[in-house]
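# A closer look at the structure
Given next are the chains, with one letter for each unit.
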Amino acid sequence: MGMTSKHILAIVVLAIIAAASLLFSRPAAAPEVRFAMLDGRAFATSDLRGKVVLVNFWATSCAICVKEMPMLVETQRKFAPRGYETVAVAMSYDHPNLVAGYARKNALPFHFALDLSGEIAKAFGGVSVTPTSIVFDRGGRIVKRYLGAPDEAELHALLEKALAAPA
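Tallying each qualifying case throughout the model produces five salt bridges. The partner of arginine 141 in a salt bridge is aspartate 137, and the shortest N-O contact between them spans 3.2 Å. The same class applies to arginine 141 and to aspartate 137, which are both buried. For glutamate 154, the salt bridge identified is with lysine 144, shortest N-O distance 3.8 Å. Pair noted here: glutamate 154 is in helix H5 (residues 152-164) and lysine 144 is in strand E7 (residues 142-147), with a separation of ten residues, a long-range link. We classify glutamate 154 as partly exposed; its relative accessible area is 34%. Judged by relative accessible area, which is 29%, lysine 144 ranks as partly exposed.

This is how it looks when you write it as structure tokens:
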């Protein structure tokens, strides 16, 4: 039984529709989670709407994480006045006292959250590798996911573009 030209045309049309839907689909929204800060305060992902945000999953025992922190500090200082925010999320296996000591010792200029239950990492797609960073735009849509330390120039270019775009 051979394919008729109608069948072939139908398959081609379906393939084009499928490709277009992938191409033009909206980026995934950042999950709605509550961040418990080291100082006892809490805020939600939705509280960050209107800002470009980098959520960085890290651990004090992760050498690459510790090495990338100065770049994240510089990025925060450079872009914060324009509506950029960094949220460092300590993995569930990292002891809160170690995280607090590290943040204090290094006077880090951004939010530090504890993910004691692992729920935040789970909500962001099951993060298990550190460092993992997720950037979302002013509208709360994920625009980039980095496994490992991001390249500083590439990250800064991405942030420039995201900060210039409307929500």
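Further notes follow.
We now examine the sheet that holds strand E6 (residues 132-136). Read across the sheet, seven strands follow the order E2-E1-E5-E4-E3-E6-E7 without closing on themselves; strand pairing throughout is mixed. Lying at the two open borders of the sheet, with one neighbouring strand each, are strand E2 (42-44) and E7. The mean inter-strand angle of the sheet, taken between neighbouring strand axes irrespective of direction, is 30 degrees. Bridge analysis of strand E3 (residues 52-58) against E6 gives five bridges, and the strand direction is antiparallel. Bridging from a neighbouring strand, phenylalanine 57 pairs with threonine 132 of E6. Running over the sheet, helix H3 (residues 96-106) touches E3, strand E4 (84-90) and strand E5 (111-114) and is turned about 175 degrees from E5. Packed onto the sheet, H5 meets E3, E4, E6 and E7 and runs at close to 170 degrees relative to E7.

Time to look at the confidence of the model for the chain. Residues of the chain with pLDDT of at least 70 account for 84%, and the chain-wide mean is 88. Long-range and interchain partners of residues 18-25, a stretch whose pLDDT sits below 50, account for zero contacts in this model, where long-range means more than four residues apart.

Attention now moves to the layout of surface pockets. Counted as a void, the largest pocket has a volume near 150 Å³. Along the walls of the largest pocket sit Asp137, Arg138, Arg141, Val143, Leu158, Lys161, Ala162, Ala165 and Pro166, which together make up its complete lining. Residue contributions to the lining of the largest pocket peak at three residues, all from H5. The residue makeup of the lining of the largest pocket, split by class, is five nonpolar, no polar and four charged.

Rules used in this analysis
Every chain's residues receive numbers from 1 upward, in the order its sequence appears when written. Only residues with pLDDT of 70 or above have their local features reported here, since the model is predicted, and side-chain atom pairs are shown and tallied only from 80 upward, although totals for entire chains, interfaces and linings are computed over all residues. Neither water nor hydrogens contribute to the side-chain values; these are computed over all heavy atoms in the structure. Any Lys or Arg side-chain nitrogen found within 4 Å of a carboxyl oxygen on Asp or Glu counts as a salt bridge. We call a residue buried when its accessible area falls under 20% of the maximum for its residue type, exposed when it is over 50%, and partly exposed in between, using a 1.4 Å probe and counting protein chains only. In DSSP terms, a helix is any run of H or I states spanning at least four residues, a strand is any run of E spanning at least two, and both are numbered starting from the N terminus. Pairing between two strands requires that DSSP report at least two bridges joining them. Orientation is described by axes fitted as lines to C-alpha atoms, over the contacting stretch for helices, and by angles from 0 to 180 degrees between their N-to-C directions. Only heavy atoms enter the contact rule, under which two residues are in contact if any of them lie within 4.5 Å. Values of pLDDT, ranging from 0 to 100, describe the predictor's confidence in every residue of the model. Using a grid of 1 Å spacing that covers the protein atoms alone, one calls a set of points a cavity when a 1.4 Å probe fits there but cannot get out, and a pocket when the set is open and has protein on both sides within 12 Å along at least five of seven lines; lining residues are those with an atom within 4 Å of a point. Grid points are joined across faces, edges and corners, and a volume is the space filled by probe spheres set on the points. Each residue is assigned to one of three groups, with Ala, Val, Leu, Ile, Met, Phe, Trp, Tyr, Cys and Pro labelled nonpolar, Asp, Glu, Lys and Arg labelled charged, and all others, Gly among them, labelled polar.

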